[in-house]
Amino acid sequence: MHRTGENRMNATPVEESLREAAAGAIADGTVGVVIGYGHEAGSDVATPLFARTPEQARGLVFDATCVGNLAIYLPKPEVRALGRTGLVVKGCDLRAVNVLLREHVIEREDVFLIGVRCAGVCEPPLHKCTVCPVHDPSGCDVTLGDSVEQPTADASRANALVAEMEAKSIEERWEFWKRQMTKCVRCYACRQVCPLCYCKRCIVEKTTPQWVETSPHLRGNLAWNVVRAFHLTGRCVGCGECERVCPVDIPLGLLNQKMAGLMEQWFDFQSGLAPDEQAPFTTWDPNDPEEGIL
Amino acid sequence: MNDVSETKLYRLEADWLDAALGALERDGVEVLAPVKDEDGSVNLAPVTASSEVATDYLNALIPLKSVFMPRTEVLIEYERAGVGDVEVLPGAAPAGQRVVLGCRPCDARALVMLDSVFNWDYEDVPYRARRDSTTVVSWACMDPGPHCFCTSVGGSPHSAEGSDAVVYLAGSGPALLQVVTAKGAAFVESLGDRAQPAADGTALPEPPELETKFDTGEIKTWLDENFESELWEEVSLRCLGCGACSFLCPTCHCFDIVDESTWKHGERRRNWDSCAFCQFTQHASGHNPRPNQTTRCRQRVMHKFKYFPDRFEQVACVGCGRCAQNCGVGQNLVSILSRIQSEEKP
Amino acid sequence: MTSEEPALQHVQADLEPGRLIPVDYRPDKMRIEAITVETPDVKTFRLTFCDAQKAGQFAFLPGQFGLYSVFGAGEATFCIASSPTRKGYIECSVKSAGKVTGELHQCEVGDTIGFRGPYGNSFPIDRMKGKNLLFIGGGIGLAPLRSVIGNCLDWRDQFGEVFILYGARSVDDLVYKEELETWRNRTDVRTLFTVDPGGETPDWDGQVGFVPTVLEEAAPNPENTIVLTCGPPIMIKFVLNSLTKLGFSLDAAYTTLENRMKCGVGKCGRCNVGNVYVCKDGPVFRCDQLQALPQEF
Amino acid sequence: MTEKKTTAAQRDGTDWQPRIVAFLCNWCSYAGADLAGMSRNDYPAAIKIVRLPCSGRVDPMFVLKSFERGADMVLVSGCHPGDCHYSSGNYHARRKLPAFRELLGFMGIDPRRFKISWVSAAEGNKWSSLVADITEEAYALGPFQEFPKCTAPEKTG
Amino acid sequence: MIKLHIDGQEAEAEEGQTILDAAKGLGIEIPTLCHHRAIPPVGACRVCVVEIRDGGRPGLVPACAYPAQEGLVVETASEAVRESRSMTIQLLLARCPEAEVLRKLAEQWDAPPLTLDAPLDHVEPPKGVPEGAGDRDKCILCGLCVRVCQDIIGPAATAFAGRGIERKVTTPYKLLSDVCIGCGACALVCPTGAIDPAEFCSHSIEKIPNEFNLGFDTRTPIHLPFPQAVPNKPILDRENCIHFRTGGCGACETICPAGAIDLEMEDEIVEEEVGAIIVATGYELLDPSVYEEYGYGRYPDVVTSLEFERLVSASGPTNGELTRPSNGEPPKSIVFLQCIGSREETGPGKPYCSKICCMYTAKHAILYKHKVHDGQAFVFFMDVRAGGKNYEEFVRRVSKEKVATYLRGRVSKIFPHDGKLVVQGADTLSGGQVEIAADMVVLAAAVVPSKGATELAQKLRISYDQHGFLSEAHPKLRPVETNTAGIFLAGACHSAKDIPDSVAQASAAASKALGLVVHDRLTREPTIGIVNELTCNGCFECENVCAYGAISPKDIKDRSGATVAVLANINEGLCQGCGACMVTCRSKSIEVQGYTDNQLFSEINAITR
Ligand SMILES: Cc1cc2nc3c(=O)[nH]c(=O)nc-3n(C[C@H](O)[C@H](O)[C@H](O)COP(=O)(O)OP(=O)(O)OC[C@H]3O[C@@H](n4cnc5c(N)ncnc54)[C@H](O)[C@@H]3O)c2cc1C
Ligand SMILES: Cc1cc2nc3c(=O)[nH]c(=O)nc-3n(C[C@H](O)[C@H](O)[C@H](O)COP(=O)(O)OP(=O)(O)OC[C@H]3O[C@@H](n4cnc5c(N)ncnc54)[C@H](O)[C@@H]3O)c2cc1C
Ligand code: SF4
Ligand code: SF4
Ligand code: SF4
Ligand code: SF4
Ligand code: SF4
Ligand code: SF4
């Protein structure tokens, strides 16, 4: 592939060990492909690299441009056809892997996880990185990189944006989202990039009945984004990919954060911290909150 | 369409924009111009004052095609009329007179391609109506961006194809306006004395240099031979199968037709669609002629650089670079094409 | 390739080069006059235009299709399954497969639906004149053939021998049962009806076997024969093999494609097979030309 | 209660009547509403009832679609916790639906327009007073049209 | 097989059997005292003597110890036998004139009491023995108790001590024994009821209250649950059984003539697949001790109506003699209080009418009068609700014939005074306060569902009302069905009702159940879920929410038999059609027939038109 063999001269120690681990796993047949990050001209962020030979693995990089969540590729049949999948994961990406395991989308033995300790990506670090509880991915087959000081996640900061929105009046909120949702073109990039949107048939593609109107008018867009956020409630791991790829820059993360916060507040639940957790919407407790029920 | 035989050049006064906006408003003509929204992206939107118009932008996020083929439009409406019967209402009223003031030449050039499809034996009435009632005044590019490659696909930062008039806003000097069509000429009329015929011999500014990245002819030669090629799988693995690239592409025109109805009332809408979507071609039996992302990626490239030239003698890409810029996984049409180019000439 | 057959000819009657036909996507209203239940999931609808003027003007060629709309559900593509020689109505046979077809199956006689068309090319009637005709249909694939069979039988003297081979998965899945009976009772038509092994009933007096097998056993004479076939893709594939074995030339065989389409007029971008658009260049294709296309159907 | 209706209508001088779509579980709330009917309890007619097996069958999509179709208020009512005919359906509803309401509220769709209640088969009186109360509230909130009608084609797509 | 002749009939016996056994086989009863099947015979009491006429050495022999022999000719009631037996009985009776068995035998065998010069002296019982059950005067010194303890149970806690007239059964040094396990086998085998194991045992032997008699008397660990129990077989209460508590004893096992007891047997959970379930868990009474003012629980003579039922019952703790629990005297005056905890809108009681109390109180008054002819009965009532065939007439008779004095009003207080209970209440008809000095007070406490009924309902997934009474599917049209297919209700578990109503409902439930089980195939509502295998992701979120465990993984195989996917599958027998899975499935891959998304979509469309 055109990026193969692209070998940065000044590879960092992590990158060296990453390339080694990946090349080794490919060479000894542990995996059929390693999906990691590569650099490509014309792209500000690292792009997914599918290394199928040890040489191609030399193109792997790991730096602050590695924002993407590669777990998205795990369920894809095209990728599975390449053999066992080696996946480069940051701590946050691992949360998505955990949800995929929890939801039986993948089996643990089908993936070879190359964890990389990560202090945060982008300059300045992304919001998700500043509140990340899992800088150090645990449960990987290999874990690389220096250990990272685990900053105590500041809950107030985690929800600052949500709180700001909630401080607004209902009308202001409506105006805000109306403007945002009007922009949506229904490209579904948000869905396609989400590692947890793996449905064989998305609800918008179900025509009988058509719960979500496919037309990119405000009504359809609202329905789509409400459904997307709700289908990810208790599941979204906050990787922020949806918001990143939205070509019209709708702050989708805000919706996800709102719902994640709610799950934490109501059910003391954070998604993807372990592969054997029980999603809040698939269980219940007799003492669940009753507020607002008449 | 309505080509004026001889290109005419005008010099524009500094306040030409206000004059134009004022005059057009008086005539009841709606003006669409680049406007920067609260989130910082630039899009074509109705304007009434020159202060609303953004000039320091590379290109609109949503391409010009949306003016002629909105991302959603009502094709027909109907009303339930008794048991098992409906009354089909006339479609949406034809669009009024509009002027697009300030699209980029690549977007305007894309209209030529859309015209080919929408007037291919069958004339698409809603498209044609909007096209007829809209004057396209593009602003020539003086400073192309890193993703731009119009020159590689037969265009130019100063291309006048598809525009009714082209405005050159060059540095501190006076703006020039080139009339391309009768509609463009009519637009100049509306400027009154704010537009003066340029002195004979006034030269248009030289278009800025752009590296040519590939040769569309050679690409087509390769595509003609390589419907089956491992390259398709390689380049498609990372593609997410979203519609971001095609929705933002000024030449992509695939659409869906859906009915949206309540008990009484219904609308048949035309919405943008994308060949990248997995359900796009799926049959009722579950059979899918393009069952995976590899075949769908191939379709997009083939469509633009082989099928379109086969049928319309032009590639269906104007080199705006939006697809590369907006792809979440850095899928880059230019890199695929360069790759093909290198296959062609090893 | 025979000289009188230019490649992928536009047989479309009113599509003259240079003249644009406006499409505003507004359907004409049609009334359901009759509904025949063909199989558990196929119904045939007989439709007449609500507007008398439109009814008078309307004409089509066998093999053409239309876009039928159930208001509130949407549009779907079906070929016109009645013969152009029978004026005053059109018929379509619809398999319930999804939203529109599902809703259509809920409709009753007297209900109004919409119709746009006819679109697409047609079977090469001109070329068929004077030739022996072999029709090979499978399942609901008999629908487009029915139109051309009807046409040919109504002008029976214009053609040579007529042989209709039709098969379905089971006796239940055979469509147009009454018509099959009429054809069988005609002396100037040879018929062979078959069901897949296991699909027969105790009183089934036709063949049992897959269409290609039955075709090979029947061994029709390739001489001066034009083949028109339609059915599920897998059947077509094996029928073409068998035809080649029997000495038929694929440039004398035609079939129709059913790629998904939304506009029907070459704009929406779905139905292309390579650079060929099924809606405008098809749906009828000559088999040898089809084999040269990318296998995207 | 009929009285209230007229006063509300007179208040703003229109004939407008709110449309309240109610999704009731078959075993408790529907039976409760039935009991209210059998007991000749009077309650406002603004409420339109959809019967479901269980409040756990109420897909948030129903709520959304009702709003899209012009409902001014949506009510979901099921058995009291612990009384679900299917033993836990209402517990599932009690997690999903309030969360959905939070989401709607966050996006500026007035959460007061989405009511959730538990009404048992024996609570015919609760049902009638509940309907009376929320109908009154629906009058106070006024018509909800922003959402259903927001399909205006964008100027530039 | 040994053949012999007893009283002229041919008898059969097995090797090792005695004449007694052989006679029993013929239905000839030979009286015996010291014999117990489980204990090797010694022939100590000699009540069982029989005469050998032929086939052996002729003479009198104890039948319990003499082995059956081929050709023996035995007479069980010959003159010689009668004489000997009568004398033996006379002697025994002289020693233990109080022993009921001896008196009966004496009557039967014509043994008039001997007149003795002086009564037999009695010996002090061991130290620390509580007053009580056993009556050492009844001991005939047969030694069964000693042998059972020694030979069968094992601890050998007792033995004979003393000689002659002093001879008696006691523990070493006459101290309470540590080795005694308190099994009571001695008491069990004692023919005359002379023994109370508490006399021997150093640890306390708990009395087990008899549940059926509401604790008014006691029972053994192995016992018949109640008279007329079906099946009429004893049950063993492991919690109290010595064997299960100490590992010893096991007397019952050895003793049971039918060999029906197997202490090794483990409790087992029997799984039955059934086609229908009828729930008939009945009711119990609200515990009236919540009402302090009535003193229930504090004053023994304040009883509930159910307790009263036992106290007057012929099979009850007092064998039908009505006595005051406090002192065993017949109650000369009695007060019945109705509506204790019924028809109470607030407070600890129930808002409903318990329906049966008016009737049974009237019945109780009659029963009372029947037992205590000169007694006086009073009934405090709120209303008399005697709807039902002949009910009103019945109650009217009770009040008219002055069986009881009916006082309309409530009792405000009951307190003990001078050995009586003073009942203070209002008589709203006369408008005055009344005070009745009663010997007994009977509280007609509210009928409430049985304990555990709601848990059972949850297990069965049937619904119940706020009081815990199980709910019928429809109050008019499906009064015996529950909402869950195949489960029916009968009796007071559904609401307070009397026996005729319970029986009527039970009959209906039985026929409904039969209607189900006589068919080979179950016809059920078709509202069940179906998974769309084309779109199911196999995430099994649906499995997590299904309360019926109806969803399980299904392997999807390709033509070669290889598993290509594992998808959800719904068992249509288990699915109840609740739809929880549908809502949980994001890909909308489940449809519950009858409530499909399409149907609901159309409904929403239509309703909002
Ligand atoms: C030229 C032509 C002629 C046809 N003739 C007949 C005919 O005579 N009788 C008949 O029963 N069917 C015919 N079909 C197929 C028919 O168009 C589809 O079955 C129908 O459109 C399904 O529509 P729906 O709304 O019910 O399905 P939807 O609810 O829209 O979709 C259900 C499934 O059908 C697929 N689908 C949607 N539209 C089409 C389409 N146009 N073609 C294939 N799959 C589609 C979808 O991907 C989806 O998987 C023809 C198709 C073509 C292109
Ligand atoms: C004081 C008094 C006097 C009465 N006198 C009369 C009278 O004279 N005439 C008359 O018609 N009615 C009389 N009644 C009413 C009568 O007792 C009831 O109508 C009748 O007993 C109801 O029968 P049932 O079988 O429904 O319930 P019950 O008799 O209560 O039987 C229920 C049975 O279910 C068992 N059970 C409970 N829970 C479970 C469980 N979880 N699993 C298994 N088994 C369980 C219980 O142990 C019990 O054996 C009287 C009631 C009272 C209180
Ligand atoms: S990525 Fe953005 S524009 Fe595309 S569908 Fe999602 S929200 Fe809409
Ligand atoms: S919803 Fe967005 S943030 Fe959440 S997991 Fe999916 S892509 Fe990541
Ligand atoms: S190339 Fe990029 S933008 Fe286009 S479909 Fe693929 S992932 Fe989406
Ligand atoms: S293919 Fe890409 S570069 Fe070409 S016109 Fe479309 S968006 Fe622009
Ligand atoms: S929840 Fe839906 S997708 Fe998941 S296993 Fe169940 S049916 Fe399949
Ligand atoms: S409908 Fe209810 S009972 Fe049936 S499978 Fe789904 S969750 Fe289980």
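Definitions and cut-offs
- Residues numbered from 1 in each chain as written.
- Chains lettered and ligands numbered in written order.
- Predicted model: local features only at pLDDT ≥ 70, side-chain atom pairs only at ≥ 80, totals over all residues.
- Heavy atoms only, no water.
- Patch = residues over 30% accessible without salt bridge, like charges linked within 9 Å, V, L, I, M, F, W, Y side chains within 5 Å.
- Areas by Shrake-Rupley, 256 points an atom, 1.4 Å probe, with all protein chains shown as cover.
- Salt bridge = Lys/Arg side-chain N within 4 Å of Asp/Glu carboxyl O.
- Lys, Arg positive; Asp, Glu negative; His and termini not counted.
- Charge placed at Lys NZ, Arg CZ, Asp CG, Glu CD.
- Helix = DSSP H or I, 4+ residues; strand = E, 2+ residues; numbered from the N terminus.
- Near = heavy atom within 4 Å.
- Nonpolar A, V, L, I, M, F, W, Y, C, P; charged D, E, K, R; others polar.
- Buried < 20%, exposed > 50% of the residue type's maximum accessible area, 1.4 Å probe, protein only.
- Pairing = 2+ DSSP bridges.
- pLDDT = per-residue confidence, 0-100.
- Contact = heavy atoms within 4.5 Å.
- Phe/Tyr/Trp six-rings, centres within 6.5 Å; stacked < 30°, edge-to-face > 60°.
- Buried area = accessible area lost by both parts, 1.4 Å probe.
- Axes fitted to C-alpha atoms, helices over the stretch in contact; angles between N-to-C directions.
- Parallel < 35°, antiparallel > 145°, perpendicular 65-115°, else oblique.
- Left-handed = near helix turned anticlockwise from the far one by under 90°.
- Domains from an automatic or database assignment.

Comments concerning a negative patch on the surface
- A contiguous patch of negative charge on the surface is contributed by E253, D262, E264 and E266 of chain E.
- With respect to the helices, strands and loops of the structure, E266 of chain E is situated in the loop between α7 (251-255) and β12 (277-279).

Overview of the site of ligand 6
Residue and element names in this part refer to chain B.
- The immediate surroundings of ligand 6 are formed by 13 residues, with C249, C317, C320, G321 and C323 found nearest.
- Contributions of two or more residues to the shell around ligand 6 are made by α9 (293-312) and α10 (322-326).
- For the shell around ligand 6, the residue count by class is eight nonpolar, two polar and three charged.

Remarks on the pattern of salt bridges
- Inspection of every chain in the model, using the stated rule, returns 90 salt bridges over all chains.
- In this structure, R186 of chain C and D188 of chain C form a salt bridge, with 3.0 Å as the shortest nitrogen-oxygen distance.
- Residue class for D188 of chain C comes out partly exposed when judged on its relative accessible area of 28%.
- Ionic pairing is found between D439 of chain E and R324 of chain E, a salt bridge with its closest N-O pair at 3.4 Å. Of this pair, D439 of chain E sits in the loop between β20 (432-438) and β21 (440-445) while R324 of chain E sits in the loop between α8 (305-312) and β15 (333-340), and the two are 115 residues apart along the sequence.
- Judged by its relative accessible area of 4%, D439 of chain E falls in the buried class.
- In this structure, a network of salt bridges that share partners links the residues R102, E103, R235 and E277 of chain A together with E541 and R586 of chain E.

A look at the pairing of strand β2 (residues 9-13) of chain E
Residue and element names in this part refer to chain E.
- As paired elements, strand β1 (residues 2-6) and β2 share five bridges and run antiparallel to each other. Across the sheet, the residue bridging to H5 is E10, located in β2.
- Hairpin geometry of β1 and β2 is characterised by an intervening segment of two residues between the two adjacent antiparallel strands and by a positive phi of about 45° at D7.

Overview of the confidence of the model for chain D
Residues and elements named next belong to chain D.
- Overall, the prediction assigns chain D a mean pLDDT of 86, with 88% of residues at 70 or greater.
- Contacts for the low-pLDDT stretch residues 1-10, under 50 throughout, to residues beyond four places or in other chains number 14 contacts.
- Scored by ipTM, the complex comes to 0.88, with pTM at 0.74.

Observations concerning the packing of aromatic side chains
- Using the criterion set out here, one finds 43 aromatic pairs over all chains in the structure.
- Summarising the aromatic geometry, the rings of W266 of chain A and F267 of chain A are spaced 6.0 Å apart at their centres and angled 80° between planes, so their arrangement reads as edge-to-face.
- Ring centres of W16 of chain B and W139 of chain B lie 6.4 Å apart, and the angle between their planes is 70°; this geometry places the pair in the edge-to-face category. Of the two residues, W16 of chain B sits in helix α1 (residues 16-26) while W139 of chain B sits in strand β8 (residues 134-139), which places them 123 residues apart along the sequence.
- Chaining the aromatic ring pairs together yields one cluster made of F49, F58, F60, Y68, F78 and F115 of chain C.

A word on the side chain of R156 of chain C
Residues and elements named next belong to chain C.
- Its location among the elements puts R156 in the loop between α4 (142-154) and β9 (162-168).
- Its relative accessible area of 15% is what places R156 among the buried residues.
- Not counting residues within four places of it along the chain, the set of residues in contact with R156 comprises E161, V162, R186, D188 and V189.

Some remarks on a nonpolar patch on the surface
- Nonpolar side chains collect at one region of the surface, where L214, Y283 and L306 of chain E lie side by side and expose about 230 Å² of accessible area between them.
- With a relative accessible area of 34%, Y283 of chain E lands in the partly exposed category.

Examining the interface of chain B and chain C
- With 49 residues of chain B in contact, the opposing surface of chain C contributes 46 residues.
- Summed over both sides, the interface between chain B and chain C buries roughly 4000 Å², with carbon and sulfur atoms accounting for 54% of that surface.
- If you look at where chain B meets chain C, you find eight salt bridges.
- Across the pair K29 of chain C and D85 of chain B runs a salt bridge whose closest N-O atoms are separated by 3.3 Å.

Quick notes on the sheet that holds β9 of chain C
Residues and elements named next belong to chain C.
- The strand order across the open sheet formed by seven strands is β11-β10-β9-β8-β12-β13-β16, and the pairing between neighbours is mixed. At either margin of the open sheet sits one strand with a lone partner, and together these are β11 (207-208) and β16 (284-286).
- Against the sheet, α4 contacts β8 (132-138), β9, β10 (189-195), β12 (225-230) and β13 (253-256), and its axis sits at roughly 155° relative to β8.

Comments concerning the side chain of S305 of chain E
- Mapped onto the elements, S305 of chain E comes out in helix α8.
- Of the residues examined, S305 of chain E reaches a relative accessible area of 3% and is grouped as buried.

A few points about the packing of helix α10 (residues 218-231) of chain A against helix α3 (residues 60-68) of chain D
- Relative to each other, α10 of chain A and α3 of chain D sit at 165°, their axes nearing to 11 Å. As summarised for this structure, α10 of chain A and α3 of chain D are arranged roughly antiparallel, according to the angle between their axes. Crossing angle aside, the handedness with which α10 of chain A passes α3 of chain D is right-handed. For the pair α10 of chain A and α3 of chain D, the contacting residues are R219, A223, V226, V227 and F230 of chain A in the first and P60, M61, L64 and E68 of chain D in the second.

As for the sheet that holds strand β18 (residues 411-417) of chain E
Residue and element names in this part refer to chain E.
- Taking strand neighbours across the sheet as the criterion, the three strands line up as β18-β19-β20 in an open arrangement whose pairing is antiparallel. The open sheet has two edge strands, β18 and β20, and neither has a second partner. Shown here is a sheet whose adjacent strand axes are inclined to one another by a mean of 20°, direction ignored.
- With six bridges connecting them, β18 and strand β19 (residues 420-427) associate as antiparallel partners. Residue V411 lies in a different strand from β19, and its bridge partner there is G425.

Some points on the domain arrangement of chain A
Residue and element names in this part refer to chain A.
- Domain annotation of chain A identifies domain 1 (14-144) and domain 2 (155-267).
- Of the residues lining the interface, 19 residues belong to domain 1; the matching set on domain 2 comes to 16 residues.
- Here domain 1 packs against domain 2, burying approximately 1500 Å² in sum over the two surfaces, 59% of which is carbon and sulfur.
- Among the residues of domain 1 in contact with domain 2, N69, I72 and H127 are the three that bury the most area, contributing 30% of the side total.
- Along the contact surface separating domain 1 from domain 2 lie one salt bridge.
- At the level of elements, α4 (91-102) and α5 (127-130) are the ones that each hand at least two residues to the side of domain 1 that touches domain 2.
- Each residue belonging to the side of domain 1 that touches domain 2 can be placed in one class, and the counts come to eleven nonpolar, four polar and four charged.

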